[in-house]
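A closer look at the structure
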Amino acid sequence: MQDKKFSPERQTAFAARFEAQKIAFGPVVFQCVRYAWKRGMLKALSDAGDVGLSLADLSATGSWSEYALKLVLETCLSAGVVYLRDGKYLLDKTGYILLSDAITQINLDFIGDVCYRGLADLDQSLDQQKPVGLAQLGDWPTIYQGLDRLPEPAKRSWFAFDHYYSDTSFPDILPDVFATQPRTLMDIGANTGKFSRAALAANAEVKLHLVDLPQQLAVAEQTLIDAGTRERAQLHPYDLLQKEKALPADMDLVWMSQFLSCFSEDAIASIFKRVAAALSERGQVLVLDTFWDRQRYDIASYCLINTSPYFTALASGNSKVYESADYIRLAEAAGLKLVTVRDDIGYCHSLMRFARA
Ligand SMILES: C[S@@+](CC[C@H](N)C(=O)[O-])C[C@H]1O[C@@H](n2cnc3c(N)ncnc32)[C@H](O)[C@@H]1O
C-alpha cells in the first residue's frame with residue numbers, strides 16, 4: 001500500500017511545474033482562502049447558487065471593499081475555489097468542500113490558529129529538536145504543559161482537531177477494550193477524560209487509572225465528577241518524560257490513544273518498557289493511533305504526514321505521526337508482542353493490541 005502512494009509517475013513535466021508553484025505560493029493561497037471562508041465571501045456565493053454574484057453585487061452588501069473582493073476572489077479563482085461565468089463569481093466544488101466539510105474546516109483552523117506562525121520557526125525547531133515555534137503561543141517546554149492555558153482561538157482549534165479524530169473512533173473501540181474483561185484499565189494521556197468517561201459508562205465493574213500531566217488531569221477529573229463516576233477512578237499526575245518513574249502496576253489493560261505520537265522514539269521506547277512492567281499477568285496494551293502507512297486513502301496519509309511538522313515546531317520538537325512498524329519495533333524491544341491490528345476505525349485510526357511476549 002505504502003509503495004503505491006504518491007507515485008512519481010503520476011504527473012507530466014508541465015503539471016509538475018504547476019505543482020511546484022502551488023507549493024511556492026501555498027501560504028498565500030491558504031491565507032486568502034481562509035479569509036474568503038471566515039469573512040463570509042464563500043457563503044455569499046453559495047447563497048447565490050447557480051446565478052452567481054458580480055463584484056458589484058458583492059461590494060453593494062457593504063461587507064467587503066472592492067479591493068478586498070478582487071484580491072481575495074482572484075486567488076480563490078486560481079485555486080479552483082470559485083469560478084467566473086459571464087462576469088459573475090460562482091462557488092466551485094472545492095469551495096463547497098471548504099464550506100461544508102467538517103474535517104477540512106477543523107484542519108484549516110488548526111493550521112491557521114495553532115500552527116501557522118510557529119511553523120515559520122520549523123528550521124530552528126528541526127535543528128535544535130525543540131518546539132521553537134511554540135513561543136508564538138506561550139512559554140512552555142512542550143505544548144502539553146500549556147494545553148489548558150492556550151490563548152484563543154488556538155485552544156478551541158487544538159481541542160477541535162484532537163477530539164475530532166478521537167471522538168469519531170471511541171464508540172467503535174469499546175468492544176475491543178472490554179474483549180478481555182479487564183478489571184483495571186489505565187488511560188495514559190487521559191486528556192479531558194472523554195475516553196475514561198465512556199469506559200466507565202460502558203462497564204459497571206472496571207476501575208480506571210488516569211495518567212496525564214497535572215494540569216490536564218484536573219480537567220479530566222471534572223469530566224468524571226460531572227458524569228458521577230469520579231469514585232471509580234484514580235488519578236496519577238505523571239510526566240512520562242521522567243523515565244525513572246514507574247507506572248501503577250497490576251493493570252489488565254493499558255490504553256494509549258493519540259498519545260505516543262507526542263514523543264520521540266527514545267521516549268516511546270521508555271514508555272513501552274514502563275507499560276510492559278505495569279501489566280498484570282494477563283495484561284494487554286491497546287494503542288489507538290494514526291499511521292500514515294495504514295490509510296485506505298492517500299488524502300488521509302497526506303493530512304497525517306503534514307501534521308508531523310506541527311509536532312516539531314509547536315508540540316515537542318522531536319515527535320511525529322509515525323509509521324506502524326516504528327511502534328511495533330519499539331514495543332517488541334520492550335518485551336511486548338503484537339497480537340492484532342485493526343484499521344479503518346473512525347476517520348483514520350488503527351488499533352494495535354499487544355500482549356507480553
Ligand atoms: C494528543 S493528546 C491525546 C488525548 C487523548 N488520549 C485522545 O485520544 O484524544 C495527548 C495527551 O498526552 C498528554 N501528555 C503529553 N505529554 C505528556 C507527558 N510528558 N506526560 C504525561 N502526559 C503527557 C497531554 O497532556 C494530552 O492529554
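A quick note: this is a predicted structure, and the numbers were derived from the prediction, not measured.

1. Some points on the pattern of salt bridges
- Under the counting rule described, the total for this entry stands at 17 salt bridges.
- The partner of Asp113 in a salt bridge is Arg34, and the shortest N-O contact between them spans 2.6 Å. Placement of the pair is Asp113 in helix H7 (residues 102–119) and Arg34 in helix H2 (residues 26–38), with a sequence separation of 79 residues.
- The class of Arg34 is buried, set by a relative accessible area of 16%.
- A salt bridge links Asp343 to Arg294, with the shortest nitrogen-to-oxygen separation between them at 2.8 Å. Here Asp343, found in strand S8 (residues 336–345), pairs with Arg294, found in the loop between strand S7 (279–289) and helix H14 (298–305); they are 49 residues apart in sequence, far enough to count as distant.
- Owing to a relative accessible area of 25%, Asp343 belongs among the partly exposed residues under this scheme.

2. Comments concerning the pairing of S8
- Note: S8 against strand S9 (residues 349–356), 7 bridges, orientation antiparallel. Across the sheet, Val341 pairs through a bridge with Met352, a residue of S9.
- Connecting S8 to the antiparallel partner S9 that follows it, the hairpin turn spans 3 residues, and Gly346 within it adopts a positive phi of roughly 60°.

3. Quick look at the nonpolar core
- In terms of nonpolar packing, the biggest core is built from 62 residues, with Ile143, Tyr144, Trp158, Ile188, Met256, Phe272 and Tyr310 touching the most fellow members.
- With 8 residues, the top contributor of residues to this core is helix H13 (residues 265–278).
- Contacts of Ile188, omitting those with residues within four sequence positions, involve Val211, Leu240, Leu247, Val254, Trp255, Met256, Ser257, Phe259 and Val275.

Parameters and conventions
- Residues numbered from 1 in each chain as written.
- Predicted model: local features only at pLDDT ≥ 70, side-chain atom pairs only at ≥ 80, totals over all residues.
- Heavy atoms only, no water.
- Salt bridge = Lys/Arg side-chain N within 4 Å of Asp/Glu carboxyl O.
- Helix = DSSP H or I, 4+ residues; strand = E, 2+ residues; numbered from the N terminus.
- Buried < 20%, exposed > 50% of the residue type's maximum accessible area, 1.4 Å probe, protein only.
- Pairing = 2+ DSSP bridges.
- Core = buried A, V, L, I, M, F, W, Y, C linked by side-chain atoms within 4.5 Å.
- Contact = heavy atoms within 4.5 Å.

The analysis is restricted to geometry; functional conclusions fall outside its scope.
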